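Working through the structure, step by step
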Amino acid sequence: MKRGFYLVMAAQAFSSLADNALFIAAIALILELHGPDWMAPLMKWSFALSYVVLAAFVGAVADSFPKGRVMFATNALKVSGCLLMFLYANLGIPDEYQTYLVCVAYGLVGVGAAAYSPAKYGIVTEMLPPEMLVKGNSWIEGLTVFSIILGTVLGGVLISPAASTVLLDHHLIGKWVQTPAEAAILVIACVYLLAALCNLLIPNTHVRYPPQQKNPIKLTRVFASYVRVLWQDKLGQISLAVTTLFWGAGAVLQLIVIEWGRQHLGYRLDEASMLMGVAAVGTVVGSILAGRIPLRKALCVLPVGALMGLVVLLMPLVQSTWAVYGVLLLTGGLAGFFVVPMNALLQHRGHVLLSAGHSIAVQNFNEQLNILLMVAIYTLMLWLEMPINVIIVLFGVLVAILMVLFMRWSRRNLNANPALHEQIGQEGHGHAIKQH
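Predicted, not measured: the structure shown is a model, and the values here were computed from it.

What follows deals with the pattern of salt bridges. Scanning the model with the defined rule gives one salt bridge in all. Between Lys-78 and Asp-19 there is a salt bridge whose closest N-O contact spans 2.9 Å. With Lys-78 in helix α3 (residues 67–86) and Asp-19 in helix α1 (residues 3–32), this pair connects stretches of sequence that are 59 residues apart.

Written as structure tokens, this is what we have:
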């Protein structure tokens, strides 16, 4: 692994950590402002919406400039959203509309994240050869999932009574903030600055792509053709379906675990957010173990995804602390183990067929579209006042059934064309673009 790859990992870890810590801090701020309960899922929805709306354009941006610089610029946009949220009370907005400003600010962070993602994943394919992609992705995905969950934990720690008291009593921080949520947001802005520093240090890979289309209508049409390319590819469609399901389910599971901790276990918001840290340990271990799987064996991990859905069904049955930790550790471990090889396979096929930036944009579009759908369904269930344990059972059964269907789909593709295995690990990029 080159030094630049470790800088990419560090930048990704800090940026993703801040994104998810900010989500918890934003929830706390909405509670301080006495906002409605449905605002938290709406923030998650607005964050994902940016990925879907901008999907046709961010790939072209990522492939038009050095990706380290793209990561720096988009991280700066995240900082802007964070500062907008911090200044909610200083912009002259009436009190009853300040919660909506918080949601808009987190949506702006989502815009930065949507443009950041193709650059961060695309640069991995530029730095590493195909045979190193699974190992490289095991680190990137492990850090990404870990930072998602650890960010949730960090947000919980920052708004906890103990930490917020220390922050508010500090002679410097106390001059700028008045509430625990404001103190947390200020600290999170500093984490974004660490990510920016790492972005600046990422070396130029000197990989160049053909000039990118700038017409929005043509970009949308071209992007639609790229989506069709990946969905029509017999290897790409399976890995795309699996990762789309995983990230949609992961977004909902984050919300479910927090609500489950509050309803089923009687935890406060900061205590419930800590539960995701337990799952993080399992996810990192699973991701590291997955790094030993060769790219050609990526499809062998599909049954692990179905097993993860079944393990989720144990959540309503556990109550004691160690049983809760055990279920979350196992769920995280299975998730990390099965998503890393599938993500590596998808990135490999996307790189071979399209380009680094465009293939990641297609992946993000599908994954975030599923997040919009699944979070909307979850929000509807909460609005209908369904018990959280019923929601968990429906969620686990849905994931298990869909993974079984994907396994049968993959088996049918391989039986129809046994030569598909030979396409895994092939060299080159942009084959489908060249044909156009």
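Okay, empty space enclosed by the protein next. By the definition in use, this model includes three cavities of 30 Å³ or more. Within this model, the largest cavity holds a volume of roughly 740 Å³. As for the largest cavity, its lining consists of 45 residues, and the residues nearest its centre are Asn-20, Ile-148, Trp-247, Gly-250 and Ala-251. Take the lining of the largest cavity: its biggest share by element is eight residues, from helix α9 (residues 236–263).

The next thing to look at is the side chain of Gln-12. Relative to the elements of secondary structure, Gln-12 occurs in helix α1. Discounting chain neighbours no more than four positions away, the residues touching Gln-12 are Tyr-116, Lys-120, Thr-144 and Ser-147.

Further remarks concern the packing of aromatic side chains. Counted by the stated rule, this structure contains nine aromatic pairs. When the ring of Phe-23 is compared with that of Tyr-106, the centres are 5.7 Å apart and the planes differ by 40°; the resulting orientation is tilted. Highlighted residues: Phe-23 in helix α1 and Tyr-106 in helix α4 (residues 98–127), separated in sequence by 83 residues. Like Phe-23, the residue Tyr-106 is buried in the burial classification.

Helix α10 (residues 269–290) packs onto α9 with a crossing angle of 130° between their chain directions and a minimal axis gap of 8 Å. Taken together, the axis directions place α9 and α10 in an arrangement best described as oblique. The interaxial crossing formed by α9 with α10 has right-handed handedness. Here Gln-254, Val-257, Ile-258, Trp-260, Gly-261 and Arg-262 of α9 lie close against α10, whose contacting residues are Leu-269, Ala-272, Ser-273, Leu-275 and Met-276.

So, how was this worked out
Residues numbered from 1 in each chain as written. Predicted model: local features only at pLDDT ≥ 70, side-chain atom pairs only at ≥ 80, totals over all residues. Heavy atoms only, no water. Salt bridge = Lys/Arg side-chain N within 4 Å of Asp/Glu carboxyl O. Helix = DSSP H or I, 4+ residues; strand = E, 2+ residues; numbered from the N terminus. 1 Å grid on protein atoms, 1.4 Å probe; cavity = no way out; pocket = protein on both sides within 12 Å on 5 of 7 lines; lining within 4 Å. Points joined across faces, edges and corners; volume = space filled by probe spheres on them. Contact = heavy atoms within 4.5 Å. Phe/Tyr/Trp six-rings, centres within 6.5 Å; stacked < 30°, edge-to-face > 60°. Buried < 20%, exposed > 50% of the residue type's maximum accessible area, 1.4 Å probe, protein only. Axes fitted to C-alpha atoms, helices over the stretch in contact; angles between N-to-C directions. Parallel < 35°, antiparallel > 145°, perpendicular 65-115°, else oblique. Left-handed = near helix turned anticlockwise from the far one by under 90°.

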